[in-house]
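Close look at the chain arrangement
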Amino acid sequence: MTVDTIKRALFLVLLVLLQALVFNHIHIFGFSTPLLYLLLPLSFDSRQKRWSSLLWCFTLGILTDIFSNTPGMASASMTVLGLLQPPVLRLFIQKDEEVVVNPSVAAMGWLKYVSYTLLLTLSYSIVFFTLEFLSFHDIILWVSSLGGSTLLTVLILVFIDRIRGGRL
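This section reports on the structure supplied with the text. Quick caveat, the model's predicted, so the values are computed rather than measured.

Thresholds applied
- Residues numbered from 1 in each chain as written.
- Predicted model: local features only at pLDDT ≥ 70, side-chain atom pairs only at ≥ 80, totals over all residues.
- Heavy atoms only, no water.
- Helix = DSSP H or I, 4+ residues; strand = E, 2+ residues; numbered from the N terminus.
- Expected span 1.5 Å × (residues − 1).
- Bend = angle between axes of the 7 residues up to and from the residue.
- Buried < 20%, exposed > 50% of the residue type's maximum accessible area, 1.4 Å probe, protein only.
- Contact = heavy atoms within 4.5 Å.
- 1 Å grid on protein atoms, 1.4 Å probe; cavity = no way out; pocket = protein on both sides within 12 Å on 5 of 7 lines; lining within 4 Å.
- Points joined across faces, edges and corners; volume = space filled by probe spheres on them.
- Nonpolar A, V, L, I, M, F, W, Y, C, P; charged D, E, K, R; others polar.
- Salt bridge = Lys/Arg side-chain N within 4 Å of Asp/Glu carboxyl O.

With 20 residues, helix α4 (residues 73-92) extends 28 Å between its outermost C-alpha atoms, agreeing within 8% with the 28 Å of an ideal straight helix rising 1.5 Å per residue. The axis of α4 is deflected most strongly, by about 35°, at Q85, and proline P86 appears within four residues downstream. When α4 is considered as a whole, its buried residues turn out to be M73, A74, S75, S77, M78, L81, G82, Q85, P86, V88, L89 and F92. At its buried positions, α4 is contacted by α2 (39-42), α3 (50-68), α5 (105-108) and α6 (110-133).

This is the structure we're talking about:
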């Protein structure tokens, strides 16, 4: 095991604990919940292999399910996010760049980073909240939860990126 793998595993545990113990209890306006654990897959660099992304995302999702009492919803949503993250990152970086790009405002610029974060967070939220509601009976609550949680999460993730200066 490399030092980076150990750091990432500790970061994963920290994110799961923060989500389960703190952020799952925050419901702004009754429907907006910050999804801080998305920080890990959104920080995977451009050389991250798809199988590795899937493995890390599924592990993060299953641990979140265990500690947040969301049976299978987070693991399914995180697995979809693990599938989408590498190609979505390639959409926002230059094709001719051979350097490794760590997704951050410093490396990508504001517009690209916010778009990247918004697209992946929205994708995750669509899968997660659709599985949570399992119907479109109360479409207003579904849209409110989806939009509110996505916007709140993107704001928090961009704020965290600015504080840490693009480092993991």
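A word on empty space enclosed by the protein. Counted according to the given criterion, the structure contains one cavity of 30 Å³ or more. When its volume is computed, the largest cavity comes out at roughly 30 Å³. Lining of the largest cavity is provided by D45, S46, Q48, Q85, P86, L89 and R90. The residue makeup of the lining of the largest cavity, split by class, is two nonpolar, three polar and two charged.

Right, let's talk about the pattern of salt bridges for a bit. Inspection of the entire model under this criterion finds one salt bridge. Its salt-bridge partner being R47, residue D45 comes within 3.5 Å of it at the nearest N-O pair. Accessibility expressed as a relative area gives 10% for D45, which makes it buried.

Time to look at the layout of surface pockets. Taken as a whole, the second largest pocket encloses approximately 290 Å³ of empty space. H27, T33, F128, F129 and E132 are, among the 18 residues lining the second largest pocket, the residues nearest its centre. At the level of elements, α3, α6 and α7 (139-164) are the ones that each hand at least two residues to the lining of the second largest pocket. Per-class residue counts for the lining of the second largest pocket are eight nonpolar, nine polar and one charged.

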